[in-house]
Amino acid sequence: MWRNWLAALALAAVVGFAADSALAQKQGGTLQVYHRDSPASMSIHEEATWSTIMPMMGVFNNLVLYDQHIKQNTLATIRPELATSWSWNEDGTELTFKLRRDVKWHDGKPFTAADVKCTWELLLGRGKEKLRLNPRETWYLNLADITTNGEDEAIFRMKRPQPALLALLASGWAPVYPCHVSPRDMRSHPIGTGPFYFVEFKPNEIIRVARNPQSWKPARPYLEGIEYIIIKNVSTRILAFVSGKIDMIHPYTLTVPLLKDIKAQAPQAICELVPQNISWDLLANRARPPFDNPKLRRAMALSLDRKAFVDILAEGQGDIGAAMLPPPEGRWGMVPEIVETLPGYDLDVRKTRPEARQIMEALGYGPERRLAVKVSTRDAFAFRNTAVVLIDQLKEIYIDGELEPVENALWFAKVMRHDYTVGLGATFNAVAVTLPVPSMLPPLIVAVMSRLFDALCVIVHTSE
């Protein structure tokens, strides 16, 4: 649902907020947004973090996009963007897009079906050039080929029916790239077709985008530009917000206690508490002893007190779930009554932890022989706090964890190399990819909890 808050960014619509005629949109102004991190690059297709997708999504367009006025994303809420329409063949293995002909890249070159073909050949590893990292390669394992029919038609051919492909293409992680710009250049100076064009990125300082005067969407965007001011310290960014130096706080960084502080200090702020579409995950590298032993991994899963995570980190504002976003927001997730029957998901740890200790003792561990490990996680406020709770719970089964914060720009490359033993990560609960991927087999992922609630806060400035 992340483009819901992007609509708030553009001030074209503040989803879920009360609005009146006093907030009628006018052209002009620069929005200043706190940004949590300095990303490794500006290339969405080579990064796996919001730190890139948040400032860069407005630089690009997708073939299709979820309707920004509907909070719950479903296949029924997908709308055309660079595509004007789409259709499936009878057996559901071919998805054909009719494309817009009035769109130009920010450097003036025309957008055509060839750009669509180039983008997904790059993601499949079949292009003339290669991506440095390809975090969502597994999304397209079922994609056999992409062909074009003239300049205004692109066809996706699947190995077998996959209706959910459309949901992947409608996410912010699926922008179309230009054929004539190399992946290397897209990292430092991306060229898109979106409502904003890239201006500059100063690592650890600021990311700037500006209004695209040639936007193919009439009279959009309203803003002249957006400045993403990188502030890593939680206290500093809250002070900047309540003092009016920034207009909006990056979503997924405000906890319930912090939201209360902001409302107390800045009552004029418009805030909405919304569920994250994220699960927090325990990562165990099963390629490394002793975590190659499934019994030890089971003990770790049985030791988790998921309710304690929710109570400590979000004052009870969260849900316990498995791989998919739980209902009511999630349409495919399991209901709590079923989740509680899964191994290790019993909410009463007084039942599960004794079994976990018995497993560890049978493996030779105990009060006099404890297992020391490093628990790696991203060096960000929410990740560190969650990892501290995880470490505290693992102590109950004779595992002593030492927190290892990892720079955000390095985290995903570290995980893809399997260069960790135990970790704490987060997963966006979008469309699941269930195909086995040999390169991704070593890690074992156990959902610690499926969802916490987070807040989005903006300060709307009005003028006479």
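These figures come from a predicted structure and were not determined experimentally. (Residues numbered from 1 in each chain as written. Predicted model: local features only at pLDDT ≥ 70, side-chain atom pairs only at ≥ 80, totals over all residues. Heavy atoms only, no water.)

1. Observations concerning the environment of L394
We count it as follows: Starting at the N terminus, helices and strands are each numbered in turn, a helix being any DSSP run of H or I of at least four residues and a strand any DSSP run of E of at least two. Per-residue accessibility, obtained with a 1.4 Å probe over protein chains only, is compared with the maximum for each type, and a residue is labelled buried under 20%, exposed over 50%, and partly exposed between these values.
Here L394 lies in helix α12 (residues 381-394). Taking the relative accessible area as the measure of exposure, L394 reaches 0% and is therefore buried. Residues L394 and A299, 95 residues apart in the sequence, show an inter-C-alpha distance of 9.5 Å.

2. Some points on the state of the cysteines
When the sulfur atoms of two cysteines share a covalent bond, that bond is a disulfide. Convention followed: When two cysteine sulfur atoms lie within 2.5 Å, the pair is treated as a disulfide.
Across all of its chains, the model carries 1 disulfide by this definition. The disulfide bridge from C118 ends at C179, spanning 1.9 Å between sulfur atoms. Its S-S torsion of about 100° marks the bond between C118 and C179 as right-handed, since a negative value means left-handed. With C118 in helix α3 (residues 113-123) and C179 in the loop between α4 (165-169) and α5 (183-188), this pair connects stretches of sequence that are 61 residues apart. A relative accessible area of 31% places C118 in the partly exposed class.

3. Here's the deal with the sheet that holds strand β9 (residues 206-211)
Formally: If DSSP finds at least two bridges between two strands, the strands pair. To obtain an axis, a line is fitted to C-alpha atoms, over the contacting stretch when the element is a helix, and the angle between two such axes runs from 0 to 180 degrees between their N-to-C directions.
The 4 strands lie next to each other as β1-β10-β9-β8, forming an open sheet whose pairing is mixed. Pairing within the sheet leaves two strands with one partner each, and these edge strands are β1 (30-35) and β8 (196-202). Here the strands of the sheet are splayed against their neighbours by 15° on average, with no regard to which way each runs.

4. Digging into a nonpolar patch on the surface
Quick note on the threshold: Like-charged residues are merged into a patch within 9 Å and nonpolar side chains (Val, Leu, Ile, Met, Phe, Trp, Tyr) within 5 Å, provided each residue has over 30% relative accessible area and no salt bridge. Note on areas: Shrake-Rupley with a 1.4 Å probe; residue coverage comes only from the protein chains shown. By convention in these notes, a salt bridge is any Lys or Arg side-chain nitrogen within 4 Å of a carboxyl oxygen on Asp or Glu.
Together, M334, V335 and I338 give the surface a local cluster of nonpolar side chains, amounting to about 220 Å² of exposed area. The topology assignment puts I338 in helix α10 (residues 336-339).

5. Considerations on the environment of A240
Applicable threshold: In what follows, a contact means two residues having at least one pair of non-hydrogen atoms within 4.5 Å.
Counting through the fold element by element, A240 comes out in helix α6 (residues 234-242). Measuring from C-alpha to C-alpha, the distance between A240 and Y34 comes to 8.4 Å, with 206 residues separating the pair along the chain. With near-sequence residues (within four places) excluded, A240 lies in contact with I231, K245 and I246.

6. Looking at unusual backbone geometry
What is expected of a backbone is that most residues other than glycine have negative phi and most peptide bonds are trans. The linkage connecting R220 with the following residue, P221, adopts the cis geometry, with an omega of -5°. Among the structural elements, P221 can be located in the loop between β9 and β10 (225-230). Between P327 and P328 the backbone carries a cis peptide bond, its omega angle lying at 10°. Residue position: P328 is located in the loop between β13 (318-319) and α10. Positive phi outside glycine occurs at E315, with the angle close to 50°. Here E315 lies in the loop between α9 (306-314) and β13.

7. Remarks on the packing of helix α8 (residues 294-303) against helix α11 (residues 349-362)
Under the convention used in this document: An angle below 35 degrees is read as roughly parallel, one above 145 as roughly antiparallel, one from 65 to 115 as roughly perpendicular, and any other as oblique. Rotating anticlockwise by less than a right angle from the far helix to the near helix defines a left-handed crossing, while the corresponding clockwise rotation defines a right-handed one.
Two numbers describe how α8 lies on α11: the axes approach to 8 Å, and their chain directions differ by 155°. What the angle tells us is that α8 and α11 run roughly antiparallel. Taken as a pair, α8 and α11 cross one another with a handedness that is left-handed. Only T352, R353, E355, A356, I359 and M360 of α11 make contact with α8, whose side of the interface consists of K295, L296, R298, A299, L302 and S303.

8. Section: the side chain of Q393
Mapped onto the elements, Q393 comes out in helix α12. Judged by its relative accessible area of 4%, Q393 is buried. Once residues within four sequence positions are removed from consideration, Q393 is found in contact with S303, L304, D305, A308, F309 and R353.

9. What about the sheet that holds strand β6 (residues 143-148)?
With respect to topology, 4 strands assemble into an open sheet ordered β4-β5-β7-β6, the strand pairing being antiparallel. Only two strands of the sheet have a single partner each, and these edge strands are β4 (83-88) and β6. When strand polarity is set aside, the average angle formed by the axes of neighbouring strands in this sheet is 15°. The pairing of β4 with strand β5 (residues 94-99) spans 5 bridges and is classified as antiparallel. When the bridges of β5 are listed, S85 appears paired with K98. Sheet strands in contact with α3 are β5, β6 and β7 (153-158), and its direction is about 160° off that of β6.

10. Digging into α12
We apply this condition: Helices are assigned an expected span. That span is 1.5 Å times one less than the residue count.
If you check α12, its first and last C-alpha atoms are 20 Å apart, about what 14 residues at 1.5 Å a residue would give, namely 20 Å. Those residues of α12 lying buried are F383, T386, A387, V389, L390, I391, Q393 and L394.

11. A few points about the pattern of salt bridges
In the structure shown here, the tally under the stated rule is 23 salt bridges. In this structure, the salt-bridge partner of K117 is E121, at a minimum N-O distance of 2.8 Å. In this pair, K117 and E121 both sit in helix α3, 4 residues apart, roughly one turn of the helix. Take K117: its relative accessible area is 25%, and that puts it in the partly exposed class. For the salt bridge of K260 with E315, the shortest nitrogen-to-oxygen distance reads 2.7 Å. Here E315 lies in the loop between α9 and β13 and K260 lies in helix α7 (residues 256-265), a separation of 55 residues in the sequence. One connected set of salt bridges, linked through shared partners, spans R288, K414, R417 and D419.

12. A few points about the packing of aromatic side chains
Note on aromatic pairs: each is described by the distance of the centres and the angle between the planes. Counted only if it meets this: Aromatic rings from Phe, Tyr and Trp, taking only the six-membered ring of Trp, are treated as a pair when their centres fall within 6.5 Å; an angle between ring planes under 30 degrees marks them as stacked, one over 60 as edge-to-face, and anything in between as tilted.
Tallying each qualifying case throughout the model produces 7 aromatic pairs. With 5.3 Å between their ring centres and 75° between their planes, W120 and F156 make a pair best called edge-to-face. With W120 in helix α3 and F156 in strand β7, the pair connects residues that are 36 residues apart, well separated along the chain. Given a relative accessible area of 0%, W120 falls into the buried group. On the basis of relative accessibility, which here comes to 0%, the residue F156 falls in the buried class. With 6.3 Å between their ring centres and 65° between their planes, W139 and Y140 make a pair best called edge-to-face. Of the residues examined, W139 reaches a relative accessible area of 13% and is grouped as buried.

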